[in-house]
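Architecture and fold: a report
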Amino acid sequence: MSETKVYNNYFFDEPVFDLHDGGYVPLEKVDMPDHPLNIPAALKPDKVEGNDVYYTITAQEGETQILPGAKTKTWGYNASLLGQTIVLKQGVHYHVHLVNKLPEVTTFHWHGLNVTGPIVDGGPHAPVYPGGSRDIDFTLDQPAQTDWIHPHPCPNTARQVWNGLAAAVVVTDDEEAKLPFPRNYGVDDIPIILQDRSYHDNQLDYKKDYDIDGTLGKYALVNGTINGVFDVTTQRVRLRILNGSDRREWRLHFDDDHGFTQIASDGGTLPEPVRLTKLMLTCAERAEVILDFGDKKPGDVVTLMSDDMPIMKFKIGQYVPDDVKLPEHLTTIDAPEVTPGLPVTRTVMSGMDDQVRLDGKLFDMQRIDRRQKIGDTVLWDVVNTNDMDGGMIHPFHMHGCQFLVISRNGKEPYPNEHGWKDTVGVNAGETVRIAVQFTKFGVYMYHCHILEHEDTGMMAQIEAYDPNHEHKYHLLSMDEMNHPKNK
Ligand SMILES: [Cu+2]
């Protein structure tokens, strides 16, 4: 076997990461006993008719035992907190009944799914009012990956996510199914939803903890569990890690520097496995990794850390030895040719606090900021100007497509950025070049995924258009979205 490179450091510039604004909240250790890690149930379809599968997703209020004592009032999808995991398969036609049992308007955004905008995509133009519902349908036509669903109502996305709305979406396909990856959901294939929260008398108080540069919490939660423990019953475990935080970047590693292998990024399988001991995820990014506990024996405990804080444990039990080796080539990325003759699109994230802007502007739901022809592949330079207080990392997210990272300040992308992505962390002072292609016409958001930046207005809209089929879109105003005229 050839010598395999192991990456032992974060790809992001740590000094830049440490340039926090005054409101930075470090994680604290929680003095409470370990708990079994919550593994969200897989959502059951309402019915299956041939290639048509029907789901109901209900945004609801509930109560969750998070801390000792009083339960915490939380929100979730088909659950009291976070949500049941939605499993989708490439090629299947889905009919989804979206129900809002919350006391306020929300939307259901499919982060990472290549579905039409602005309605099916579930951005702010697709409100579901309290007591109301909306029906959408789409054919899932993208490869296996880990996505998620979360609310997107301007300007309340951050608070609604803080209250608990976020669920993993697992996409499967026949190609990925042939790869020797663990895929027994809940046993050796588990979501790891990373969030941070603070509590006041066991309750959330978003206003109290609010920070305009991104709200942070003192306690680390994995799948809504503080001090979670996962009982390992197989040699290899696949983690579908999602940064579901409003603001926090997670810098992950194990207490014993245990190595792991990243096999997928936001948009699915990486061309080659990437061996790491440290992984940083900015808001909304996903990484699928395989942990091999072949060097451990029953009773051993391995702790997942972020910085110097333990966030969950893996308790090794009896497992059947497994000598599966990952191939050095996992998949071939068919990178589209950049369409000749088109200028590079430049988009600029600037400012901090209430000065955050995208291309110098604040979000306007009724303004189309750019247009791009479907099928064209266009280079975008995503710039973080680093113009205030040393700046901060802005995670740049696009709806309606998966893109490829071409370069960072003209240099190679990070080793784990060679697959499809929909969110990319852009360091302060950096320009990240990406190749963007839309395949479905529609109106899509692109924005900073620090949720409070998004809510403040660091967001814009692009129309992906088909010159042979001009479409008119009714774009709601923010006022209309929040206050329906006929409701
Ligand atoms: Cu930002």
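None of the values given here were measured: they were computed from a predicted structure.

This part takes up unusual backbone geometry. Excluding glycine, residues mostly carry a negative phi; peptide bonds, for their part, are mostly trans. Cis geometry marks the peptide bond from Gly 117 to Pro 118, where omega comes out at 5 degrees. Here Pro 118 lies in the loop between strand S9 (109-111) and strand S10 (133-139). Each neighbour pair has its own omega, and for Cys 154 with Pro 155 the value is -5 degrees, a cis peptide bond. With phi around 50 degrees, Asp 307 is a residue other than glycine that occupies positive phi space. Looking at the element boundaries, Asp 307 is found in the loop between strand S22 (301-306) and strand S23 (309-316).

As a further point, take the domain arrangement of the protein chain. Partitioning the protein chain into structural domains gives domain 1 (6-13 + 182-316), domain 2 (35-175) and domain 3 (345-482). Centre-to-centre, using C-alpha coordinates, domain 1 lies 21 Å away from domain 2. Each partner contributes residues to the interface: domain 1 has 33 residues there, and domain 2 has 32 residues. Contributing elements (two or more residues each) for the side of domain 1 that touches domain 2: strand S13 (189-197), strand S15 (228-232), strand S16 (236-243), strand S19 (268-276) and strand S21 (286-292). Its residues assigned to classes, the side of domain 1 that touches domain 2 comprises 15 nonpolar, 13 polar and five charged.

The next point concerns the environment of Arg 346. Within the secondary structure, Arg 346 is located in strand S24 (residues 345-350). Filtering out sequence-adjacent residues up to four positions away, Arg 346 remains in contact with Asp 381 and Val 383.

Relative to strand S4 (residues 52-64), strand S3 (residues 47-49) runs antiparallel, the two being bridged by three bridges. Bridge assignment links Lys 47 to a residue of S4, and that residue is Tyr 54. Connecting the antiparallel pair S3 and S4 is a turn made up of two residues, with Gly 50 showing a positive phi of about 60 degrees. Examined bridge by bridge, S4 and strand S8 (residues 93-100) share eight bridges and lie parallel to one another. What sits directly across from Ile 57, in S8, is Leu 98. Both S4 and strand S5 (residues 72-77) contribute to a ladder of six bridges, which runs antiparallel. Bridge pairing links Gln 60 to Gly 76 in S5.

Taken in spatial order, the four strands line up as S7-S12-S11-S9 in an open sheet, and their pairing is mixed. Where the open sheet ends on each side, the last strands, each with one partner, are strand S7 (86-89) and S9. The average angle at which neighbouring strand axes cross in this sheet is 25 degrees, direction not considered. Both strand S11 (residues 145-150) and strand S12 (residues 167-172) contribute to a ladder of five bridges, which runs antiparallel. Residue pairing across strands places Ile 149 opposite Ala 167, the latter belonging to S12.

Ordered by their spatial adjacency, five strands build an open sheet running S25-S24-S27-S31-S29, and the pairing between neighbours is mixed. On the outer flanks of this sheet lie strand S25 (357-358) and strand S29 (404-408), each paired with one strand and no other. Judged from the two bridges that link them, S24 and S25 form a sheet pairing that is antiparallel. Bridge pairing in S25 places Met 349 opposite Leu 358.

Turning next to the pairing of strand S31 (residues 431-437). Taken together, the seven bridges between strand S27 (residues 377-384) and S31 define a ladder with antiparallel strand orientation. Bridging across to S31, Trp 380 finds its partner in Ile 434. Bridge count between S29 and S31: four bridges; the pairing is antiparallel. Note that in S31 the partner of Val 405 across the bridge is Ile 434.

Rules of the game
Residues numbered from 1 in each chain as written. Predicted model: local features only at pLDDT ≥ 70, side-chain atom pairs only at ≥ 80, totals over all residues. Helix = DSSP H or I, 4+ residues; strand = E, 2+ residues; numbered from the N terminus. Domains from an automatic or database assignment. Contact = placed C-beta atoms within 7 Å. Nonpolar A, V, L, I, M, F, W, Y, C, P; charged D, E, K, R; others polar. Pairing = 2+ DSSP bridges. Axes fitted to C-alpha atoms, helices over the stretch in contact; angles between N-to-C directions.

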